[in-house]
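Observations on the three-dimensional arrangement
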Amino acid sequence: MNSSETIRLTTDGTFKSDPVFLKGGAEIVYTLLESPTQMRLMKLNLADRSISKLNPEATTNEFEASFTADGSHYAFVQSRGNLNMKMVIRDAATGKDSVFDPGGGFAGVRRPAFHPKGERVAFAIPGETGQEIASVSRTGTDKKTLTAGGINNWPVHSPDGKRIAFCSSREGTFDVFVMNADGSGAKPVLKLDGLQMRPAWSPDGSKLAFTSNHGGDGNYNLWMVSLEGTGLTRLTDHPERDDYVVFHPDGKRIAFVGERNGKFDLYLKPI
């Protein structure tokens, strides 16, 4: 695979989201809108571009998967409709599930984010003061709320598990924030005109990539910045949307969902 050029990894053009690398970058798991009423987790082998269903027997919507660093456990959202959105935490070897089901009508879980060592899973959930970031243990118990105020979403643990990047509206528009894994010390990384969404950590924990419509044209592209808020770099510049960025484990490439001619596919790009 030539790593010096952008590579289109899928060709079906169907809507996709939330890619995540597994097995040292050999595989990507992502969400596919398989039909107007069915979202399914898919697995792409980068070597031969073969695609398979992660959970072939699934009959409900499954999306937004997050894995431990060793791939032994993963969490995802399972939904039977807008009023029943829960988080499943699965042992990949045994298939044993733990379930966190908040109940309460629209109080659905979104955006699970596994701690690299599998200790806890962070996620977004409606709360008394807006939408909050919370976490539970690997068994779906011991819920702890990590943020307070505003709309908070898209949590993701740093590679060392000590921090969580997320986006929050607490200071107006959505900006990227970083806090300690226990919820303390939250602070914005940088302020930009436009929205910042869906942060992703570089493998060495020194940078964050994210989606933003910053730049004047209102279109969503991918950007990268240091944790100190310096060195802002535009990673993509396309008239259609680029979104759902994730770093390859080598730190030299990113995968993302790119819209081209109204079709959505996975792409791999050097940075």
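Along each chain, the written sequence defines residue order, and numbers are assigned to residues from 1. Note on the predicted model: pLDDT of at least 70 is required for a residue's local features to be given, and 80 or more for side-chain atom pairs to be given and counted; whole-chain, interface and lining totals, by contrast, use all residues. Side-chain measures here rest on the full set of heavy atoms in the structure, leaving out hydrogens and waters.

1. Things to note about the sheet that holds strand E7 (residues 73–79)
To keep things clear, this is the line we draw: Strand pairing is defined by DSSP finding a minimum of two bridges between the two strands. Helix and strand definitions here come from DSSP, where helices need a minimum of 4 consecutive H or I residues and strands a minimum of 2 consecutive E residues; each element is numbered from the N-terminal end. For helices, the fitted axis covers only the stretch in contact; all axes are lines through C-alpha atoms, and the angles between them, taken along N-to-C directions, range from 0 to 180 degrees.
Taking strand neighbours across the sheet as the criterion, the four strands line up as E6-E7-E8-E9 in an open arrangement whose pairing is antiparallel. Two strands in the sheet have a free side with no partner beyond their single neighbour: strand E6 (61–67) and strand E9 (97–100). When strand polarity is set aside, the average angle formed by the axes of neighbouring strands in this sheet is 25°. In terms of strand pairing, E6 meets E7 through five bridges, oriented antiparallel. Residue Glu-62 lies in a different strand from E7, and its bridge partner there is Gln-78.

2. Comments concerning the pattern of salt bridges
Stated formally: Salt bridges are defined by distance alone: a side-chain nitrogen of Lys or Arg within 4 Å of a carboxyl oxygen of Asp or Glu. Exposure categories follow from relative accessible area, calculated using a 1.4 Å probe and restricted to protein chains: below 20% of the type maximum is buried, above 50% is exposed, and the middle band is partly exposed.
Under the defined criterion, the tally for this structure stands at 18 salt bridges. A salt bridge links Glu-27 to Lys-23; the nearest nitrogen and oxygen atoms lie 3.4 Å apart. Judged by its relative accessible area of 10%, Glu-27 is buried. Lys-23 sits in the exposed class, given a relative accessible area of 63%. Residue Arg-253 pairs with Asp-250 through a salt bridge whose shortest N-O separation is 2.8 Å. Residue class for Arg-253 comes out buried when judged on its relative accessible area of 14%. With relative accessibility at 32%, the residue Asp-250 sits in the partly exposed group. One connected set of salt bridges, linked through shared partners, spans Arg-8, Asp-12, Lys-16 and Asp-265.

3. Digging into unusual backbone geometry
The backbone phi angle of Trp-154 is positive, close to 60°, even though this residue is not glycine. Mapped onto the secondary structure, Trp-154 falls in strand E14 (residues 150–157). Trp-154 gets classed as buried once you look at its relative accessible area, which sits at 10%. For Asn-261, which is not a glycine, the phi torsion comes out positive at approximately 55°.

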